[in-house]
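Below are the chains, spelled out letter by letter.
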Amino acid sequence: MQASLEMMGETEIPKMGLRTLVRRAERRHFMTMLALMAPSVIFVALLFVIPILLFLFRSVDNAEIPTLLPKTAVALDTWRDGEIPGEPVFAALASDLHALKGSPDAALLGRRLNFAVPGYRRLITRTVTSLPGTQMASAKETLAAIDKSWLDPVYWRTLKSQSGRITDFYLLSALDLQRGAGGIEKVSGEQAIFMSLYGRTLYTAFGVTALCLLIGYPVAAVMAAARPAVANWLLSLVLIPFWTSLLVRTTAWVVLLQTEGLVNKVLLQLGVISEPLKLMFNTAGVFIAMVHVLLPYMILPVYSVMKGISPVHLRAAASLGANPATVFRTVYLPLTIPGVAAGCTLVFVLSLGFYVTPALVGGPGDQMIGYFIAYFTNSAVNWGLASALGVFLLLLIGVIYLALGKLVGFDKLKVR
Amino acid sequence: MNAIAPLPSEAGTAWPIVRFAGVRKSYDGENLIVKDLDLDIVRGEFLTLLGPSGSGKTTTLMMLAGFEIPTEGTILLGGRNITNLPPHRRGIGVVFQNYALFPHMTIGQNIAYPLRIRGVTATETERRVEEALTMVKLGAFAERRPAQLSGGQQQRAALARALVFRPELVLLDEPLGALDKQLREQMQYELKQLHEELKVTMVYVTHDQTEALTMSDRIAVFNDGRIQQLATPADLYENPLNAFVAEFVGENNRLVGDVVDTGLSAVSIRLADGTVVRGKAVDELRKGDRAVLSLRPERVSLDPTDSFANVLSAPVEKVIYLGDATRLILRVGGSEEFSVKIPNPDDRATMMRGDAIRIGWRDTDCRAFRLANS
Ligand SMILES: Nc1ncnc2c1ncn2[C@@H]1O[C@H](COP(=O)(O)OP(=O)(O)O)[C@@H](O)[C@H]1O
Ligand SMILES: [Mg+2]
């Protein structure tokens, strides 16, 4: 037995047996890792991933109409757009609405339909309250008598298109689109706000990222080259924005940036400007504040990469004949690209989601996508639309991350 | 005590390629790291700066490369004052200890770098990069990244990069320090061959005396910011000018005692146990001075004849088998670290601890220096 085992060890194990052994060892290692990570994985799944997925699902969720108007949804199946529906459809609607009498669901339904057609809420409320309790001769005439709107196909079209369990209504709205008589169409001018919102969000994020890079890169370079004691001081200065509360920061901005603020006073005193600049409640304010908040996120990854660059490389380049500018262009800059990529990704992604800071120091025309998500979630209680905007924000981030990854390599986007 | 050694024969009259004149360097304004350095480097020679860690070798080399500015003094390159010239305008090739290959470039791009900087045409660059790669036996590695090469290969690439723009002068700062012994010996050989083929002046820094002895035309021994001796390897080994050089270069037995008699060419010194030995005085010694005798193990004979000035009997403390030889550690004159080497095979190699053997050496092989702090 002993001998045969040893023989196997020498001869047979190498091909099949060895692989099994290695795989078993790896599996054990993997299980250990899994066990160690389980708490954090469960935490993240429960409190982060699942809520986000649930929230994202709201962008296509359409529970209200099919559950509150079940008969109407069925009856509308045979209705063709453009005409006024027949008596059975009216009867089904009257019956559905009658069932909602006195229930808070009527308001819910009204609010939901009002997202699609302004005025729908009033129509539903009035119809529900005015519906006679008794059997009516003609549901169509009764409803038309309560409100003429029921003879307008627009309201029926909305009902039909929104009668499924799943809806594309919110996603389309978030792209300034709607379902009209002739299929998907653009919404009218003053209602189309979202496309320009994405544009503004991207523009602001790009601008803030570029400014952070422009300001942060030299700072990081100085820090990386400084003596440890000096570098630590600079690092604390860079980190101060992390440590101050939003409230303190905002107050500081107001003191500094308002028309009567410190910056304007100093510039006026120096004669650089003849009348105060407007630095708050406009785009400039948003940029100043966001760059201020996000600068550390640029400096830290760039700094950590710069610290890892051996000065010997720079000396080597100089000894090979490169003047300081060439050394920077051909050696230093390329070696810092991983840090720059990581910093830019971080700042860009973070700025895409900013909303408190622009809300505090921006004008009405400077609000970004995050502001609208918050608005639709908290004020307008249109979670479907908030969630649809969230979907596109996520998509935007995903696409940009992929593009950047393709451009500079995914391994370089990591913050280290 | 800068000793000016004879320059290698034919170059003796030529203007040196490099001249350090009265160079001093301090980083902090208090301690001089390099003290009064006067050094001529001869065109085409292989000069080694040898010394213990911290003796100022790298500092000296970096002043020559232009990365450090001398606190005082001037440095001439080909007769031109380059003391304050920035490194990129010196045209000196430098090989660093940790290779310093650019990690974001392939080996080929690394070697092409100095040519690219100089605006050499693409075809010419390609030709010369290929030539350089062949020269260091890395022909197949042009497309690799530095991280994909072994230490020895990286050092070869770094060497090719420092040579490809054909500098007259190449500086190497412990270039083989990170390699294992076998690879280091092979690289020493290759480097020496390159030096002979290219006829380029090389200044080489090392703390390894064997490396210095095998490779150099001349060696400058550094200690405490000063050149202790500048000489050919043989001269340095045979005629060390002071105790430091004697001890730092090659193996050395050290015997400390008091001078009891001074003659024309020899001094007599009484060791701790009363034994009196004779040696050649290098420093001026007077009766009563404390002195240290320095003696190479291979100069100690186990079959001393009467012509030897020093013959004595010494007990064996330790027997160490070295393969090609056996080392005997003897007790001589109170010192318990007196080492003698006998080639194998030899019957005496079976010597047992405690046995006494007769040893002897000539007074001319034994050099007496004044003890540093007396
Ligand atoms: N950039 C520097 N700043 C301050 N001190 C330094 C610097 N470089 C070297 N030194 C000091 O100078 C001394 C000699 O260093 P170095 O020239 O590197 O010696 P070696 O190369 O012979 O080991 C050491 O004590 C070292 O601490
Ligand atoms: Mg050194």
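Because the structure is a prediction, the values reported are computed rather than measured.

Trainee: Where do I start with the overall build of chain A in this structure?
Mentor: Looking only at helices and strands, chain A has 20 helices and two strands in total. For chain A, the C-alpha radius of gyration of 31 Å lies well beyond 22 Å, the compact-globule estimate for 416 residues. Based on the C-alpha atoms only, the size of chain A along its principal axes is roughly 100 × 95 × 35 Å. Taking all 416 residues of chain A together, 39% fall into the buried category. Excluding contacts between residues fewer than 6 apart, the proportion of contacts in chain A whose partners are at least 24 apart in sequence is 69%. Charge separation in chain A, taken as the distance between the mean sites of 34 positive and 23 negative side-chain charges, equals 10 Å.

Trainee: Which parts of the structure should I look at to understand the domain arrangement of chain A?
Mentor: Often, the extent of an interface is quoted as the loss of accessible area on bringing the components together. In terms of domain boundaries, chain A breaks down into domain 1 (2–57), domain 2 (64–167) and domain 3 (194–413). Between the C-alpha centres of domain 2 of chain A and domain 3 of chain A there is a distance of 51 Å.

Trainee: When you look at a positive patch on the surface in this model, what are you seeing that I'm missing?
Mentor: On the surface, Arg19(A), Arg23(A), Arg24(A), Arg27(A) and Arg28(A) cluster together to form a positively charged patch. Judged by its relative accessible area of 47%, Arg23(A) is partly exposed.

Trainee: How should I be thinking about the site of ligand 1 in this particular structure?
Mentor: Residues and elements named next belong to chain B. Inspection of the region around ligand 1 gives Tyr-27, Ile-33, Pro-52, Ser-53, Gly-54, Ser-55, Gly-56, Lys-57, Thr-58 and Thr-59 as its neighbouring residues. Between ligand 1 and the protein, one listed contact pairs an oxygen atom with a side-chain N or O atom of Thr-59 at 2.5 Å. Burial of ligand 1 by the protein chains amounts to 57% of its free accessible area of 560 Å². Looking at side-chain class alone, the shell around ligand 1 contains three nonpolar, six polar and one charged residues.

Trainee: I tried to follow the sheet that holds strand E17 (residues 335–343) of chain B on my own but got confused; where do I start?
Mentor: The strands making up a sheet associate through hydrogen bonds between their backbones, and the pairing can be parallel or antiparallel. Residues and elements named next belong to chain B. Overall, antiparallel pairing links the four strands, which are arranged E17-E16-E15-E18 in an open sheet. Of all strands in the sheet, those bounded by a partner on one side alone are E17 and strand E18 (356–361). If you compare each strand with its neighbour and ignore which way they point, the axes differ by 50° on average. Note: strand E15 (residues 310–321) against strand E16 (residues 325–332), five bridges, orientation antiparallel. Opposite Ile-320, over in E16, you have Arg-327 as the bridge partner.

Trainee: What should I look at first to understand the packing of aromatic side chains in this one?
Mentor: Where two aromatic rings form a pair, the distance of their centres and the angle of their planes describe that pair. Counted according to the given criterion, the structure contains 20 aromatic pairs over all chains. When the ring of Tyr371(A) is compared with that of Phe372(A), the centres are 5.5 Å apart and the planes differ by 80°; the resulting orientation is edge-to-face. Through a chain of ring-to-ring contacts, the aromatic side chains of Phe90(A), Tyr120(A), Trp150(A), Tyr155(A) and Trp156(A) assemble into a single cluster. A cation over an aromatic ring shows up here: Arg161(B) above the ring of Phe102(B), its NZ or CZ 4.6 Å from the ring centre. Above the plane of the ring of Tyr237(B) lies Arg296(B), whose end atom (NZ or CZ) is 4.0 Å from the centre.

Parameters and conventions
Residues numbered from 1 in each chain as written. Chains lettered and ligands numbered in written order. Predicted model: local features only at pLDDT ≥ 70, side-chain atom pairs only at ≥ 80, totals over all residues. Heavy atoms only, no water. Helix = DSSP H or I, 4+ residues; strand = E, 2+ residues; numbered from the N terminus. Rg over C-alpha atoms; globule rule 2.2 N^0.38 Å. Buried < 20%, exposed > 50% of the residue type's maximum accessible area, 1.4 Å probe, protein only. Contact = heavy atoms within 4.5 Å. Lys, Arg positive; Asp, Glu negative; His and termini not counted. Charge placed at Lys NZ, Arg CZ, Asp CG, Glu CD. Domains from an automatic or database assignment. Patch = residues over 30% accessible without salt bridge, like charges linked within 9 Å, V, L, I, M, F, W, Y side chains within 5 Å. Areas by Shrake-Rupley, 256 points an atom, 1.4 Å probe, with all protein chains shown as cover. Salt bridge = Lys/Arg side-chain N within 4 Å of Asp/Glu carboxyl O. Near = heavy atom within 4 Å. Polar contact = N/O pair within 3.5 Å; in protein donor to acceptor, adjacent residues only side chain to side chain. Nonpolar A, V, L, I, M, F, W, Y, C, P; charged D, E, K, R; others polar. Pairing = 2+ DSSP bridges. Axes fitted to C-alpha atoms, helices over the stretch in contact; angles between N-to-C directions. Phe/Tyr/Trp six-rings, centres within 6.5 Å; stacked < 30°, edge-to-face > 60°. Lys NZ or Arg CZ within 6 Å of the ring centre and 35° of its normal.

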